[in-house]
Amino acid sequence: MDKYFKRLEEIYEDFDREYFRKDIDNTCKACELCCTSTFRYPDLSALEYDYLKKYVKENNISPSVDNFKNFFQYKDSPYCPYWSKEKGCRVYLARPMFCRMFGLFRFEGDSELPKSCVFYGKRIDVTDESRYKIIKNLPEYMDLIYKYGLLKAENKEEKLEILIKMGKDYITQSRLEEALSILSEVEKIDPHNVSVLFDLAFIYREMNKPEKSKEKLERSIYLGGEEKYPYIHQHYGFVCLTMNCLEEAHKAFMKAIELEPDSMLPYLGMALFFSVREENVKALEYCRKALEINPQDPVALNLAQSILKL
Ligand code: SF4
Ligand code: SF4
């Protein structure tokens, strides 16, 4: 455990050095808003839970970390149990990473900060993908969280849940080889998991292995993946198109349009399908439908222009 705590500590220190330097004065001063139940907090990982538990024990701080966890989960009190009017955060050195990141970064779906916030207007927007490049040490921090979680998992289900999260996260980070290795292991244990099959199909498609991607998509569709991923047919259509399986691609795009008539990509898929078959009138018709939904789509625009030049 100690090596995990030690590395977590180093990551925390490094993060604070980078973002809470004295010269940029990134402190919240007297503001306490983020330590109230007004905000939505993510789950507390096993690693940060245990680390905080050790810290409060060593420093005789009460209440227990369970109270803190309940506050995060259920908002059962107006303030974080570690917040004090006089001292601010009483576990400042061991506060979890999301307490450090909040304010500095705006994640997709986060609400705007109040105008009184010291970070108002200075907040850095991050997407699911860009956060790993922008936020210092985030990939290593997440690896640590996952590895510790696996070590502490009490049963097979918990372990699988972490491995799936880890695999998805590696896809977001474009660490495709690692994602493939993890999710392939999960597939061996849970071969009926439509989500894992869908993710594996995505990885194989990105790795330019359409045959493997097609196989995983077929299995996911067979097992009912369409319910969770209504756009699965569209993916299948494009993979079939890459492999020149034209009739299967056509069927898949038709199904995708039936399920998601407002989505642009299935129309674009149909346009490409007809273009490959040199049925240009129909190809153009579908290009127009795609462009009605997204007038700026570069592929649809290029395709339409090249057909019109013929
Ligand atoms: S741990 Fe500290 S920073 Fe985080 S919510 Fe509680 S008082 Fe605020
Ligand atoms: S991040 Fe902004 S809103 Fe939150 S406590 Fe700091 S100053 Fe207040």
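Not measured: the values here are computed from a predicted model.

A.B. asks: Would you explain the overall build of the protein in this entry?
C.D. replies: The helix and strand tally for the protein stands at 16 helices and 4 strands. Here the C-alpha radius of gyration of the protein, 24 Å, is well above what a compact globule of 310 residues would show, namely 19 Å. Viewed in the frame of its principal axes, the protein has a C-alpha envelope of about 75 × 45 × 35 Å. Counting across all 310 residues of the protein, residues that qualify as buried make up 46%. Once local pairs closer than 6 in sequence are excluded, the contacts in the protein between residues at least 24 apart make up 55%. Summed over all atoms, the accessible surface of the protein reaches about 17400 Å², with 52% contributed by carbon and sulfur.

A.B. asks: Looking at this model, I keep getting lost on the pattern of salt bridges. Mind explaining?
C.D. replies: For side chains of opposite charge, pairing can occur when their charged atoms come near one another. Evaluation of the coordinates by the stated rule reveals 24 salt bridges. One salt bridge connects K216 with E215, and the closest N-O pair in it is separated by 3.6 Å. In this structure, a network of salt bridges that share partners links the residues K6, R7, E10 and E140.

A.B. asks: Would you explain a negative patch on the surface in this entry?
C.D. replies: A grouping of E154, E157, E158 and E161 is seen on the molecular surface, where their side chains present a negatively charged patch. In this structure E161 comes out as partly exposed when scored by relative accessible area, which is 48%.

A.B. asks: How should the side chain of N137 be read in this particular structure?
C.D. replies: Within the secondary structure, N137 is located in the loop between α5 (131–134) and α6 (138–152). Among the residues examined, N137 registers a relative accessible area of 18% and is labelled buried. A distance of 2.9 Å separates a polar atom in the side chain of N137 from a polar atom in the side chain of D14. With near-sequence residues (within four places) excluded, N137 lies in contact with I11 and D14.

A.B. asks: Would you mind going over the packing of α6 against helix α7 (residues 156–172) with me for this structure?
C.D. replies: Angle between the axes and distance between the axes are the two parameters that describe a pair of packed helices. At a minimum axis separation of 9 Å, α6 and α7 run at an interaxial angle of 165 degrees. In terms of axis orientation, α6 runs roughly antiparallel to α7. Once α6 is placed against α7, the crossing between them reads as left-handed. In contact with M142, D143, Y146, G149, L150 and K152 of α6, α7 contributes E158, K159, I162, L163, K165, M166, D169 and Y170. When the residues that make up the contact of α6 with α7 are grouped by side-chain class, the tally is 7 nonpolar, 1 polar and 6 charged.

A.B. asks: I'm lost on the site of ligand 2 in this one. Help?
C.D. replies: The immediate surroundings of ligand 2 are formed by C28, C31, L33, C34, C117, V118 and F119. Split by residue class, the shell around ligand 2 holds 7 nonpolar, no polar and no charged.

A.B. asks: Before we go on, may I ask you to explain unusual backbone geometry in this structure?
C.D. replies: What you tend to see is this: most non-glycine residues have negative phi, and most peptide bonds are trans. At the junction of S62 and P63, the peptide bond is cis and its omega measures out at 0 degrees in the coordinates. Residue placement: P63 occurs in the loop between α2 (46–58) and α3 (65–74). The phi torsion at N137 lies on the positive side, around 65 degrees, for a residue other than glycine. One non-glycine residue with positive phi stands out, namely S174, at about 60 degrees. Position of S174 relative to the elements: it lies in the loop between α7 and α8 (176–189). A relative accessible area of 56% means that S174 is categorised as exposed.

A.B. asks: What's the story with the domain arrangement of the protein in this structure? I'm lost.
C.D. replies: Size of an interface: often given as the accessible area lost when the parts come together. Split into domains, the protein comes out as domain 1 (2–134), domain 2 (153–221) and domain 3 (230–310). Listed by partner, the interface residues are 10 residues for domain 2 and 12 residues for domain 3. Of the roughly 1000 Å² buried between domain 2 and domain 3, counting both surfaces, carbon and sulfur atoms make up 81%. Three residues, R205, K214 and I221, lead the burial of domain 2 against domain 3; their summed loss comes to 49% of the area buried on that side. In this structure, the connection of domain 2 to domain 3 is made through 1 salt bridge. With a closest N to O distance of 3.1 Å, E248 and K214 form a salt bridge.

A.B. asks: Is there a simple way to think about the environment of Q173 in this case?
C.D. replies: Turning to its location among the elements, Q173 is positioned in the loop between α7 and α8. By relative accessible area, which is 14% here, Q173 ends up buried. A C-alpha to C-alpha distance of 27 Å links Q173 and M243, two positions 70 residues apart in sequence. Leaving out residues up to four positions away in the same chain, Q173 has contacts with Y132 and P139. Among the polar contacts made by the side chain of Q173, one reaches the side chain of R175 at a distance of 2.9 Å.

Calculation rules
- Residues numbered from 1 in each chain as written.
- Chains lettered and ligands numbered in written order.
- Predicted model: local features only at pLDDT ≥ 70, side-chain atom pairs only at ≥ 80, totals over all residues.
- Heavy atoms only, no water.
- Helix = DSSP H or I, 4+ residues; strand = E, 2+ residues; numbered from the N terminus.
- Rg over C-alpha atoms; globule rule 2.2 N^0.38 Å.
- Buried < 20%, exposed > 50% of the residue type's maximum accessible area, 1.4 Å probe, protein only.
- Contact = heavy atoms within 4.5 Å.
- Areas by Shrake-Rupley, 256 points an atom, 1.4 Å probe, with all protein chains shown as cover.
- Salt bridge = Lys/Arg side-chain N within 4 Å of Asp/Glu carboxyl O.
- Patch = residues over 30% accessible without salt bridge, like charges linked within 9 Å, V, L, I, M, F, W, Y side chains within 5 Å.
- Lys, Arg positive; Asp, Glu negative; His and termini not counted.
- Charge placed at Lys NZ, Arg CZ, Asp CG, Glu CD.
- Polar contact = N/O pair within 3.5 Å; in protein donor to acceptor, adjacent residues only side chain to side chain.
- Axes fitted to C-alpha atoms, helices over the stretch in contact; angles between N-to-C directions.
- Parallel < 35°, antiparallel > 145°, perpendicular 65-115°, else oblique.
- Left-handed = near helix turned anticlockwise from the far one by under 90°.
- Nonpolar A, V, L, I, M, F, W, Y, C, P; charged D, E, K, R; others polar.
- Near = heavy atom within 4 Å.
- Domains from an automatic or database assignment.
- Buried area = accessible area lost by both parts, 1.4 Å probe.

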